[in-house]
Amino acid sequence: MSRVSLLSLQIAVAVVFVAVWYVFTTYPVFGHILLPPFFFSNPVDVVQQVISWFASGVIWKHLWVTLVESMLAFGIGSIGGVLVGFWFARQPRTAAVFDPYVKMANALPRVVLAPIFTLWLGLGIWSKVALGVTLVFFIVFFNVYQGVKEVSPTVLANARMLGMKERQLMRHVYWPSALSWMFSSLHTSVGFAVVGAVVGEYLGAAAGLGYLIQQAEGVFDVAGVFAGMFVLAAFVIVIDMIVTVVERRLLIWRPAVGDAKP
Amino acid sequence: MTATAATNDAAVALNGVDVAFRLADGGVFRAVSNATLNVADGEFVSIVGPTGCGKSTLLNIAAGLLAPAAGSVDIFGSRLDDLNRQAGYLFQADALFPWKTALENVAIGLEIVGVPQAEARGRARDWLGKVGLGAFGDRYPHMLSGGQRKRVGLAQVLIRDPKILLMDEPFGPLDAQTRQIMGNLLLELWSADRKAVLFVTHDLEEAIALSDRVVIMSAGPASRIIGDWRVTLSRPRDIADIKLSPEFHDLHRDIWHMLKEEVVKGYAQAEGR
């Protein structure tokens, strides 16, 4: 399929979706409206809400807060994940001791931690950052751990035969391998950083996209909820595009999926 | 007196080496039994044997990557109890660092021993030229063909100028033409300074064409060295031409006669398993 026809089909899906939404929330079918606007709002109101947010400029503050929280959560979670991942992978005994607790902590639905973080860190950004960190940390941790463990034994033997000492093995073999695993999960971990921030805001905050959605919901402003969702989706797509660009630059040495050679 | 003694010492001497692996069920698998083999300095020795006979294992012993269960290894007369620092090892599987370019892969062996980066890169560029990849320095391994990757591997090992070269079916995964070209390249590079070479292969023709001596191993488990043939074909050799000479054919027939029985035995054991 050519790029143009693919793009036009993608746009067609959106047009049909919005059209169905508009028709069923505005025009009665056999005497009654199938999607009552009170519950489903309608596209026109949602677009108007989004435009008024951007026109008045209130949205920028909320976007900025969510962005800062996400980036902090991603940064702190990644650094922690890399350090602990490396440590556990190189110290199998430590890893074995902590294994059940790591599994336990990872199995815990992170939302339940939000009230605790709010209690400890207040309603500001840090309770949201903490929530994001608990999500990002485990993704990065597991990937780095795997990356260090799954270094090809041949490459490792080759490095040792070339005369590498432990520190050089770290730098030239384990570290690049771990990083490649970490970067391959970049989309997931950045996504989870945003989830942590938004969920935290939703549960109690003074600013941010999650807060905006929660406020709208509190006054049954369904158009506001949908508008918040759309801004959030656009925000995540932009971040995901940036991650893709970063990833392409960092993983230039990796074969693209599909042209891997044996 | 000591000087003469040193020159008389073999580059690699395996003395009654046994190799055993502990199995998951608690038993012990004996891969190689009582292997004794000397490789003189400057000598090109091939080990040939049926699949699964422990040829590669023996190479890992000589490299110090694996410790023998019994017996000992001497490298230029001194006992080997750690990695063999005098040896370069060319692996069968891809062993290049996938996150480094061809040039970085070749230069790394010098950089880690403290050669300044600019000098290491310069010498790596020369070596890439020698293996015919002068224009491919900035490619990553996945952008190179199997044969090109082997060339980079060869340069990566040889740039360190090891006294001993250990090669584990290095051209195994390549097609027949590429193997021949790589064999000639290897002989050309080797003839420049005649390192001791221990070359493992399952391809008898390749072994005869390249080597000064061909050592035959019996089918595993507990495989032994069962034959040791001197190859007196003149050097320099061209692998394609030498395979047409009558001496080559005579030698090939004699050795194959012995190897064939072992190959059949090896298959029988593999099927009985």
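Before reading on, note that the structure itself is shown above.
Residues numbered from 1 in each chain as written. Chains lettered and ligands numbered in written order. Predicted model: local features only at pLDDT ≥ 70, side-chain atom pairs only at ≥ 80, totals over all residues.

**As for the packing of helix H4 (residues 58–90) of chain A against helix H11 (residues 209–218) of chain A**
A pair of packed helices is captured by two measures, namely the crossing angle of their axes and the spacing between those axes.
All names here are of chain A.
Next, step 1: One can describe the packing of H4 onto H11 by two numbers: an axis separation of 7 Å at closest approach and a directional angle of 125°. Between H4 and H11, the angle falls in the class oblique. Between H4 and H11, the residues in contact are His62, Leu63 and Thr66 and Leu209, Tyr211 and Leu212, respectively.
Next, step 2: By residue class, the composition of the contact of H4 with H11 is 4 nonpolar, 2 polar and no charged. (Axes fitted to C-alpha atoms, helices over the stretch in contact; angles between N-to-C directions. Helix = DSSP H or I, 4+ residues; strand = E, 2+ residues; numbered from the N terminus. Parallel < 35°, antiparallel > 145°, perpendicular 65-115°, else oblique. Contact = placed C-beta atoms within 7 Å. Nonpolar A, V, L, I, M, F, W, Y, C, P; charged D, E, K, R; others polar.)

**Looking at the nonpolar core**
Next, step 1: Counting residues in each nonpolar core, the largest one holds 132 residues, and the members touching the most others are Val136(A), Val12(B), Ala62(B), Val106(B), Leu166(B) and Leu198(B).
Next, step 2: Here the element with the most residues in this core is helix H7 (residues 125–149) of chain A; it accounts for 15 residues.
Next, step 3: Filtering out sequence-adjacent residues up to four positions away, Val106(B) remains in contact with Ala124(B), Trp127(B), Leu128(B), Val152(B), Ala155(B), Gln156(B) and Ile159(B). (Core = buried A, V, L, I, M, F, W, Y, C linked by C-beta atoms within 7 Å. Buried ≥ 20, exposed ≤ 12 C-beta atoms within 10 Å, placed from the backbone.)

**Brief notes about the sheet that holds strand S4 (residues 70–75) of chain B**
Residue and element names in this part refer to chain B.
Next, step 1: If you trace the 4 strands from one edge of the open sheet to the other, you get S2-S1-S4-S5, paired in antiparallel fashion. With one partner strand each, in any of the chains shown, strand S2 (28–39) and strand S5 (78–79) form the two edges of the open sheet.
Next, step 2: Against the sheet, helix H2 (residues 55–63) touches strand S1 (12–22), S2 and S4, its axis set at about 115° to S1. (Pairing = 2+ DSSP bridges.)

**Side note on helix H3 (residues 102–111) of chain B**
Next, step 1: Summarising burial for H3(B): 9 of the 10 residues are buried, a large majority.
Next, step 2: Taken residue by residue, H3(B) has Ala102(B), Leu103(B), Glu104(B), Asn105(B), Val106(B), Ala107(B), Ile108(B), Gly109(B) and Leu110(B) as its buried positions.
Next, step 3: Tucked into the core, H3(B) has its buried residues touching helix H9 (166–184) of chain A together with helix H4 (117–130) and helix H5 (146–158) of chain B.

**Details of the pairing of strand S6 (residues 87–90) of chain B**
For a regular strand, side-chain orientation follows a simple rule: the groups alternate between the two sheet faces.
Residue and element names in this part refer to chain B.
Next, step 1: Side chains Ala87 and Tyr89 of S6 all project onto a buried face; the interleaved residues Gly88 and Leu90 project onto the opposite face, where all are buried too.
Next, step 2: Of the strand pairs in this sheet, S6 and strand S7 (residues 164–168) are connected by 4 bridges, and their pairing is parallel. Bridge assignment links Gly88 to a residue of S7, and that residue is Leu165.

**Let's talk about the sheet that holds strand S9 (residues 213–217) of chain B**
Residues and elements named next belong to chain B.
Next, step 1: Read across the open sheet, the 6 strands follow the order S6-S7-S8-S3-S9-S10; overall the sheet is mixed. Looking along the sheet, the strands with just one partner apiece sit at the ends: S6 and strand S10 (225–230). The mean inter-strand angle of the sheet, taken between neighbouring strand axes irrespective of direction, is 15°.
Next, step 2: Examined bridge by bridge, S9 and S10 share 5 bridges and lie antiparallel to one another. Along S10, the bridge assignment pairs Met217 with Ile225.

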